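What the coordinates show
These are the residues of each chain, in order.
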Amino acid sequence: TYVCSLKACGILGLSKVGQDIDAEVREKGLLEKNIVLSTALVDMYFKCGALEKAQAVFQMLPEHDPVSWNVLLSGYVQQRHGEEALNCFRQMKDLGISPTAVTYACILKACGIVGCLEIGKDIIANIHKQGLLEKDVVVGTALVDMYFKCGASEKGREVFEKLPERNVVSWSALIEGNVQCGQSDEALSCFKKMQDEDILPDPVTYISVLKACGSIGSLDIGEEIHEEVKKKGFLRKHVLLGTTLVHMYAKCGMMQRAHKVLLEDIPK
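Residues numbered from 1 in each chain as written. Predicted model: local features only at pLDDT ≥ 70, side-chain atom pairs only at ≥ 80, totals over all residues. Heavy atoms only, no water.

Regarding the nonpolar core
Of all hydrophobic cores here, the largest spans 84 residues; its most connected members are L73, L108, I123, I127, L143 and L241. Among the elements that make up this core, the one with the highest residue count is helix 3 (residues 35-47) (eight residues). Among all residues touching L143, those that are not within four sequence positions of it are L108, I124, L133 and V159. (Core = buried A, V, L, I, M, F, W, Y, C linked by side-chain atoms within 4.5 Å. Buried < 20%, exposed > 50% of the residue type's maximum accessible area, 1.4 Å probe, protein only. Helix = DSSP H or I, 4+ residues; strand = E, 2+ residues; numbered from the N terminus. Contact = heavy atoms within 4.5 Å.)

A short note on the layout of surface pockets
In this structure, the largest pocket spans a volume of roughly 810 Å³. Around the largest pocket sit 30 residues that line it, and K109, D145, K149, V169 and V204 are the ones nearest its centre. Looking at the lining of the largest pocket, the elements with two or more residues in it are helix 5 (66-78), helix 7 (101-114), helix 10 (137-149), helix 12 (168-180), helix 14 (203-216) and helix 17 (239-251). Here the element with the most residues in the lining of the largest pocket is helix 10; it accounts for six residues. A per-class count over the lining of the largest pocket returns 16 nonpolar, seven polar and seven charged. (1 Å grid on protein atoms, 1.4 Å probe; cavity = no way out; pocket = protein on both sides within 12 Å on 5 of 7 lines; lining within 4 Å. Points joined across faces, edges and corners; volume = space filled by probe spheres on them. Nonpolar A, V, L, I, M, F, W, Y, C, P; charged D, E, K, R; others polar.)

Brief notes about unusual backbone geometry
One non-glycine residue with positive phi stands out, namely R80, at about 65°. Structurally, R80 is set in the loop between helix 5 and helix 6 (82-94). Judged by relative accessible area, which is 52%, R80 ranks as exposed. Here the phi dihedral of D198 falls at roughly 60°; this positive angle occurs in a residue that is not glycine.

Re the pattern of salt bridges
Side chains that carry opposite charge are capable of pairing whenever their charged atoms lie near each other. The tally for this structure, following the rule as stated, stands at 13 salt bridges. A salt bridge links K211 to E176; the shortest N-O distance between them is 3.3 Å. Residue K211 is found in helix 14, and its partner E176 is found in helix 12; the two are separated by 35 residues along the sequence. Under the relative-accessibility criterion, E176 is labelled buried at 16%. Residues joined in a network through salt bridges with shared partners are E161, R166 and E197. (Salt bridge = Lys/Arg side-chain N within 4 Å of Asp/Glu carboxyl O.)

What about the packing of aromatic side chains?
For the structure on display, the rule yields five aromatic pairs. A ring pair is formed by F160 and W171, whose centres lie 4.8 Å apart and whose planes are at 70°; its orientation type is edge-to-face. You can see F160 sitting in helix 11 (residues 153-162) and its partner W171 sitting in helix 12, a full 11 residues away along the chain. The pair F160 / W171 is uniform in exposure class, with both members buried. Taking 6.1 Å as the distance between ring centres and 55° as the angle between the ring planes, the aromatic pair formed by Y206 and F234 counts as tilted. Of the two residues, Y206 sits in helix 14 while F234 sits in helix 16 (residues 234-237), which places them 28 residues apart along the sequence. (Phe/Tyr/Trp six-rings, centres within 6.5 Å; stacked < 30°, edge-to-face > 60°.)

Things to note about the packing of helix 6 against helix 7
Closest axis-to-axis distance for the helix 6/helix 7 pair is 8 Å, and the angle between their directions is 140°. Between helix 6 and helix 7, the angle falls in the class oblique. Crossing of helix 6 against helix 7: the hand is left-handed. Facing helix 6, whose interface residues are G82, E83, A85, L86, F89 and M92, helix 7 presents T103, I107, A110, C111, I113 and V114. Tallied by class, residues from the contact of helix 6 with helix 7 come to nine nonpolar, two polar and one charged. (Axes fitted to C-alpha atoms, helices over the stretch in contact; angles between N-to-C directions. Parallel < 35°, antiparallel > 145°, perpendicular 65-115°, else oblique. Left-handed = near helix turned anticlockwise from the far one by under 90°.)

Topic: the packing of helix 4 (residues 51-60) against helix 5
Remark: helix 4 packs on helix 5, axes separated minimally by 11 Å, with the N-to-C direction vectors making an angle of 165°. Between helix 4 and helix 5, the crossing angle belongs to the class labelled roughly antiparallel. In this structure, helix 4 crosses over helix 5, and the sense of that crossing is left-handed. In this structure, helix 4 uses L51, Q55 and F58 to contact helix 5, whose residues at the interface are S68, W69, L72 and Y76. Its residues assigned to classes, the contact of helix 4 with helix 5 comprises five nonpolar, two polar and no charged.

So, a nonpolar patch on the surface
A grouping of I11, L12, L14 and V17 is seen on the molecular surface, where their side chains present a nonpolar patch of about 400 Å² in accessible area. Tracing the sequence through the fold places L12 in helix 1 (residues 2-12). (Patch = residues over 30% accessible without salt bridge, like charges linked within 9 Å, V, L, I, M, F, W, Y side chains within 5 Å. Areas by Shrake-Rupley, 256 points an atom, 1.4 Å probe, with all protein chains shown as cover.)

And the structure:
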């Protein structure tokens, strides 16, 4: 019950409720006895942006298994604290704890955040050695993302083409990577290929494509996406998507349309 409740608090950002649950489980002495509950508490604090509290709970854990380390690494990556994630990874290795596929995915993202391709090279070698690129689309996607964030766009595309399976997350990473590298035409081309493979875009994909449209003034594609996301009800649920749509119209010189979206489509 407590684990599920803490997950709900993390999703909704309810730090105060999470702290009340924290106090209750400590009072009952459950924190020292249940690693799953303790790890859920670490995750909740990270998702609520309370990094110091998350770190403090982690230090109190009766044992540190790969799952709890992965929650710590993932939390730092989610909050874009790449250096902290890399330091935790070094501690994990020093303690002789073997990384999992999730660990590698987190660390590749951390390398992308700090823009350090050199650190990523040893990790990439281990990933290849263990054959994880052929087995795990999450690791492959994280590698694509890291290469683009470190400015190695050709390497990113090369890894993407070799992925045994390509889902909406990996396509979105490729599209966003091209946008970040100033290659918006290529991003829109990838978006078309994605649709040709019958992969349905999600809000993250649409945000990247709208950025590309704004960057090169591709109003026609931007308008098509506007209609799609409106039909799917995404604009009512994802404020960032609506904001990106406003920005796209403004970049294309359509200030009245931008203002209309701001007033009518984005939830107050």
